[in-house]
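Structure assessment
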Amino acid sequence: MGIEEKLPSGFLLTSVETAAGWVRKASLFPATFGLACCAIEMMTTGAGRYDLARFGMEVFRGSPRQADLMIVAGRVSQKMAPVLRQVYDQMANPKWVISMGVCASSGGMFNNYAIVQGVDHIVPVDIYLPGCPPRPEMLMDAILKLHDKIQHEPLGVNKRRAQELAEELALDATPTSEMRGLLR
């Protein structure tokens, strides 16, 4: 017999971490950083047909200080890389990044000196969204996966412990150069 059975109906029990995760996932404000054809698909996702307003994201913010989600849509040139980093640095913490499209994720078909071969060389990426260009439904799915990640993200001391554990596991992992099997 737990405390849940002794409380009158109408009471809700949760942890601060769970409540904060729910609030943070339900109030994401995306910053616009559309650089190429993927930006058209990103804009379409915000329009009436796909309606991002269902997820509390109806307004794409023009100022990085009002945003906590950056959607990098399209190829990033070497000249645009410092601007991208500056916008990311101006965003309030906590902040998340979605790399939208194959050009943002890996440079795409532009394997040359002018294009950054993956936006993760500039900012830490939370969700990679493949496609050329990815459909609005794919962006919405990536946003929902990010919501799940945000909702279950630990806070405070628990977050520090999770980061230390992830770093320890990464250091103990077998280097890719030493792996055998399908990778070679």
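As a reminder, the structure under discussion sits directly above these lines.
Everything in this summary refers to the structure shown in the same document. These figures come from a predicted structure and were not determined experimentally. Every chain is numbered on its own, with residues counted from 1 as its sequence reads. Only residues with pLDDT of at least 70 are given local features in this predicted model, and only at 80 or more are side-chain atom pairs given and counted; all residues enter the totals for whole chains, interfaces and linings. The basis for the side-chain values is all heavy atoms of the structure; hydrogens and waters are excluded.

1. Digging into the sheet that holds strand β1 (residues 30-34)
Sheet architecture is open: four strands sit in the order β1-β2-β3-β4, paired in parallel fashion. Strands with a single pairing partner mark the edges of an open sheet, and in this sheet they are β1 and β4 (127-129). Each neighbouring strand pair of the sheet contributes to a mean axis angle of 15°, computed without reference to strand direction. In terms of strand pairing, β1 meets strand β2 (residues 69-73) through five bridges, oriented parallel. Whether two strands pair comes down to DSSP finding at least two bridges between them. Secondary structure elements are defined from DSSP: runs of H or I of at least 4 residues count as helices, runs of E of at least 2 residues count as strands, and each element is numbered from the N terminus. Angles here are taken between N-to-C directions and fall from 0 to 180 degrees, while the axes themselves are lines fitted to C-alpha atoms, restricted in helices to the stretch in contact.

2. A closer look at a negative patch on the surface
Together, Glu-164, Glu-167, Glu-168 and Asp-172 give the surface a local cluster of negative charge. Inspection of the secondary structure assignment puts Asp-172 in helix α7 (residues 156-172). Put simply, a patch holds well-exposed residues, over 30% relative accessible area, that have no salt bridge, with like charges counted together within 9 Å and Val, Leu, Ile, Met, Phe, Trp or Tyr side chains within 5 Å. Using a 1.4 Å probe, the Shrake-Rupley method yields the accessible areas, and only the shown protein chains count as cover for residues. One side-chain nitrogen of Lys or Arg within 4 Å of one carboxyl oxygen of Asp or Glu is enough to make a salt bridge. In this charge count, Lys and Arg are treated as positive and Asp and Glu as negative; neither His nor the chain ends contribute. The atom standing in for a charge is NZ when the residue is Lys, CZ when it is Arg, CG when it is Asp and CD when it is Glu.

3. Overview of unusual backbone geometry
In this chain, Asn-93 is followed by Pro-94 through a cis amide linkage whose omega measures -5°. Phi at Asp-51 takes a positive value of approximately 55°, unusual for a residue other than glycine. By the element assignment, Asp-51 lies in the loop between α3 (38-46) and β2.

4. Some details on the pattern of salt bridges
Applying the stated criterion across every chain, the model contains six salt bridges. Glu-153 serves as the salt-bridge partner of Arg-24, at 2.9 Å between the closest nitrogen and oxygen. With Arg-24 in helix α2 (residues 16-25) and Glu-153 in the loop between α6 (136-151) and α7, this residue pair connects regions lying 129 residues apart in the sequence. A 1.4 Å probe rolled over the protein chains alone gives each residue an accessible area, and that area as a share of the maximum for its type sets the label: buried under 20%, exposed over 50%, partly exposed in between. Note on Arg-24: relative accessible area 18%, which makes it buried. Across the salt bridge formed by Glu-41 and Arg-135, the nearest N and O atoms sit 4.0 Å from each other. Of the two residues, Glu-41 sits in helix α3 while Arg-135 sits in the loop between β4 and α6, which places them 94 residues apart along the sequence. Look at Glu-41 and you get buried, because its relative accessible area is 16%. Salt bridges sharing common partners tie together Glu-41, Arg-135 and Glu-137.

5. Some remarks on the packing of α2 against α6
Two elements in contact, α2 and α6, have axes separated by 8 Å at closest approach and are oriented at 155°. Compared by their axis directions, α2 and α6 come out roughly antiparallel. Every pair of crossing elements has a handedness; the one defined by α2 and α6 is right-handed. Across the interface between the two elements, Gly-21, Trp-22, Arg-24 and Lys-25 from α2 touch His-147, Ile-150 and Gln-151 from α6. The cut-offs work like this: below 35 degrees is roughly parallel, past 145 is roughly antiparallel, 65 to 115 is roughly perpendicular, and the gaps in between are oblique. Note on convention: the crossing is left-handed when the near helix lies turned anticlockwise from the far helix by less than a right angle, right-handed when the turn is clockwise. For this analysis, residues touch if any pair of their heavy atoms sits within 4.5 Å.

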